[in-house]
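Single-letter residue listing:
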Amino acid sequence: MLNSVSDGSRKRLSADDRRRQLLGIGLSKLIEKPIQELSLDEVAAEAGISRGLLFHYFPTKNDFYVECMAAAGRRILRTTKPDENEPGDVQVASMVRLLLERISRRREFYLSLIQPAHDPRLVQVHENVRTVLTDRVLAALALDEARRPLVHAWWSYVEDRGLSWTDRATDRATDRATPDPEALATHCTSALQALLALE
């Protein structure tokens, strides 16, 4: 006998609602594993549909993966959006801190986002995230367009520091050398100011 959760999952949904449901399940599983290990059988089973029906909404496995990653990228941008009423330096510090927090909580996902060798569309997902983050820094600090390449490259540095920090944080042998999140965020924002001062 089906339980109430299964009964609810089998109710008829519109195409848009079903796509949203499947992407939501995919996103929830990205918390636990990298995109390459995401099982479509598990996603379909949780939605109460067949694997074949999943392909009615997403023509290929890669299409589903790309849509999941794009949704995750949009979530990153929503959760790192600064308060535009704050001073520019406060906005930048907030973005850095929030991004580092996301990397800390979702390290495997973030690695999937920045190492998407198997599909060029995933490269574009990461590039879109980086472009919006760069746009926000330029706006917050009233920087001209000529500074875009520098800020864009600096976000790579922030990501790398965040990934290195979360990796070391899981290693007890090096834990004492690992900076706290606030210190790391301060370091990254100071690095941006130093780079801007060089040009």
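Preceding this section is the structure that the text describes.
Now for a description of the structure that goes with this document.

Thresholds, definitions, all that
- Residues numbered from 1 in each chain as written.
- Predicted model: local features only at pLDDT ≥ 70, side-chain atom pairs only at ≥ 80, totals over all residues.
- Heavy atoms only, no water.
- Phe/Tyr/Trp six-rings, centres within 6.5 Å; stacked < 30°, edge-to-face > 60°.
- Buried < 20%, exposed > 50% of the residue type's maximum accessible area, 1.4 Å probe, protein only.
- Salt bridge = Lys/Arg side-chain N within 4 Å of Asp/Glu carboxyl O.
- Helix = DSSP H or I, 4+ residues; strand = E, 2+ residues; numbered from the N terminus.
- 1 Å grid on protein atoms, 1.4 Å probe; cavity = no way out; pocket = protein on both sides within 12 Å on 5 of 7 lines; lining within 4 Å.
- Points joined across faces, edges and corners; volume = space filled by probe spheres on them.
- Nonpolar A, V, L, I, M, F, W, Y, C, P; charged D, E, K, R; others polar.

## Things to note about the packing of aromatic side chains
Centre-to-centre distance and the angle between the planes together describe a pair of aromatic rings.
Part 1 of the argument: In this structure the tally under the stated criterion is two aromatic pairs.
Part 2 of the argument: For the ring pair F58 and F64, a centre distance of 5.0 Å and an interplane angle of 70 degrees mean the geometry is edge-to-face. Here the two residues F58 and F64 agree in accessibility, since each one is buried.
Part 3 of the argument: Between W154 and W155 the ring centres are 4.6 Å apart and the planes differ by 50 degrees, which places this aromatic pair in the tilted class.
Part 4 of the argument: Looking at W154, the relative accessible area reads 1%, which means it is buried.

## Things to note about the pattern of salt bridges
Part 1 of the argument: Evaluation of the coordinates by the stated rule reveals 11 salt bridges.
Part 2 of the argument: Ionic pairing is found between R51 and D41, a salt bridge with its closest N-O pair at 3.4 Å. Highlighted residues: R51 in helix 4 (residues 51–57) and D41 in helix 3 (residues 40–47), separated in sequence by 10 residues.
Part 3 of the argument: Residue class for D41 comes out partly exposed when judged on its relative accessible area of 46%.
Part 4 of the argument: Across the pair R148 and E145 runs a salt bridge, and its minimum N-O distance is 2.3 Å.

## What to know about empty space enclosed by the protein
Part 1 of the argument: Counting across every chain of the model gives two cavities of 30 Å³ or more.
Part 2 of the argument: There is about 90 Å³ of room inside the largest cavity.
Part 3 of the argument: Every residue along the wall of the largest cavity is listed here: L27, L30, I31, A72, R75, I76, R102, R106 and F109.
Part 4 of the argument: Sorting the residues of the lining of the largest cavity by element identifies helix 2 (15–30) and helix 5 (61–79) as the ones contributing at least two each.
Part 5 of the argument: Top contributing element to the lining of the largest cavity by residue count: helix 5, with three residues.
Part 6 of the argument: Looking at the lining of the largest cavity residue by residue, the class counts come to six nonpolar, no polar and three charged.
Part 7 of the argument: Computed from the structure, the second largest cavity encloses a volume of approximately 30 Å³.
Part 8 of the argument: Together, R97, L100, E101, W165, P181 and A185 line the second largest cavity.
Part 9 of the argument: Mapped onto the lining of the second largest cavity, the elements with two or more residues apiece are helix 6 (88–105) and helix 10 (181–198).
Part 10 of the argument: Among the elements that take part in the lining of the second largest cavity, helix 6 stands out by supplying three residues, more than any other.

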